[in-house]
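Residue-level listing of the chains:
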Amino acid sequence: GYYFQTLDDTVKIVGTGRLGVLAAQLSAPGSVLNVALSQEFAVAGGTFPGALVFDPRRPETTGRLLEGKAFVTAAWVEASQGWLALSNGELQLVDLATGAELDRVPLPGTIHDFAAEGGVIVAVTAHELLTFRQEAGRILPLGRVPLALDVANRITGRRRLAVGD
């Protein structure tokens, strides 16, 4: 297995064996602040417009920049589709194999983190949980719930999210 480590404008892919050997390294056009992945695709976003997309099994030869006008504040990858929360207050669904935008919807606030369970994408903002699913390349909002406590991570100032069993 592997894990990702970000440092300034570099994404490091490190093997999880006993020695934690550096398996690959990619440069980004700015600081990398978040990484999301599936078996086939990984997305890195940060202080640069657009997103860096690559195959986590062959990052050096597959890395490419998806151009955009906004920063990616959070990302989630499901198979070959990327859910990208953008700094301009939008949620974008992208086909990562082609780079084509499938859909884009406005958001009530900046998404801090994503998680998924049973085909439902759950997103957290500073003040609420949002749920979505996709159908035929379209983003379908399912619902939203206000959060009672206004507590974020003390270091990052962002909320984190985990769903499932």
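Further up the page is the structure itself.
Just so we're clear, the structure is a prediction, and the values are computed from it rather than from any experiment.

A. The pairing of strand S10 (residues 100-106), seen in detail. Where strand S9 (residues 90-95) meets S10, six bridges bridge the pair, whose relative direction is antiparallel. Bridge pairing links leucine 93 to aspartate 103 in S10. Adjacent in sequence and paired antiparallel, S9 and S10 are bridged by four residues, among which glycine 99 carries a positive phi angle near 85 degrees.

B. Looking closely at the nonpolar core. Judged by nonpolar contacts, the single largest core of 15 residues is most densely connected at Trp83, Leu91, Ile111, Phe114, Phe132 and Ile139. Counting residues per element, the ones that place at least two in this core are strand S8 (81-86), S9, strand S11 (113-117), strand S12 (120-124) and strand S13 (128-135). One finds Ala51, Leu84, Val94 and Leu96 within the second-largest nonpolar core, a separate group that totals 14 residues.

C. Structural view of the environment of asparagine 34. Of note, asparagine 34 is situated in strand S4 (residues 32-37). When sequence neighbours within four positions are dropped, the list of residues in contact with asparagine 34 reads Val43, Ala44, Gly45, Val72, Thr73, Ala74 and Ala75. Polar contacts involving the side chain of asparagine 34 include one to the main-chain carbonyl oxygen of valine 72, which spans 3.1 Å.

D. Spotlight on the pattern of salt bridges. Under the defined criterion, the tally for this structure stands at six salt bridges. The residue arginine 138 makes a salt bridge to aspartate 103 at a minimum N-O spacing of 3.5 Å. Placement of the pair is arginine 138 in strand S14 (residues 138-146) and aspartate 103 in strand S10, with a sequence separation of 35 residues. The class of arginine 138 is partly exposed, set by a relative accessible area of 48%. Take aspartate 103: its relative accessible area is 8%, and that puts it in the buried class. Via salt bridges that share partners, Glu90, Glu101 and Arg104 belong to a single interconnected network.

E. Broad picture of the pairing of S11. Burial runs high along S11: four of the five residues are buried. Pairing of S11 with S12 involves five bridges; the strand directions are antiparallel. Residue alanine 115 lies in a different strand from S12, and its bridge partner there is valine 122.

F. Examining the layout of surface pockets more closely. Considering only enclosed or pocket space, the second largest pocket measures out at about 180 Å³ in volume. In terms of lining, the second largest pocket is formed by 15 residues, of which the most central are Glu67, Gly68, Lys69, Gln92 and Arg104. Here the lining of the second largest pocket gets six residues from one element, more than from any other, and that element is strand S7 (residues 64-78). Split by residue class, the lining of the second largest pocket holds seven nonpolar, five polar and three charged.

G. Molecular detail of the environment of alanine 79. Its place among the elements puts alanine 79 in the loop between S7 and S8. For alanine 79, a relative accessible area of 49% corresponds to the partly exposed category. Separated by 17 residues in the primary sequence, alanine 79 and leucine 96 place their C-alpha atoms 9.0 Å from one another. Filtering out sequence-adjacent residues up to four positions away, alanine 79 remains in contact with Ser38 and Phe41.

Calculation notes
- Residues numbered from 1 in each chain as written.
- Predicted model: local features only at pLDDT ≥ 70, side-chain atom pairs only at ≥ 80, totals over all residues.
- Heavy atoms only, no water.
- Pairing = 2+ DSSP bridges.
- Helix = DSSP H or I, 4+ residues; strand = E, 2+ residues; numbered from the N terminus.
- Core = buried A, V, L, I, M, F, W, Y, C linked by side-chain atoms within 4.5 Å.
- Buried < 20%, exposed > 50% of the residue type's maximum accessible area, 1.4 Å probe, protein only.
- Contact = heavy atoms within 4.5 Å.
- Polar contact = N/O pair within 3.5 Å; in protein donor to acceptor, adjacent residues only side chain to side chain.
- Salt bridge = Lys/Arg side-chain N within 4 Å of Asp/Glu carboxyl O.
- 1 Å grid on protein atoms, 1.4 Å probe; cavity = no way out; pocket = protein on both sides within 12 Å on 5 of 7 lines; lining within 4 Å.
- Points joined across faces, edges and corners; volume = space filled by probe spheres on them.
- Nonpolar A, V, L, I, M, F, W, Y, C, P; charged D, E, K, R; others polar.

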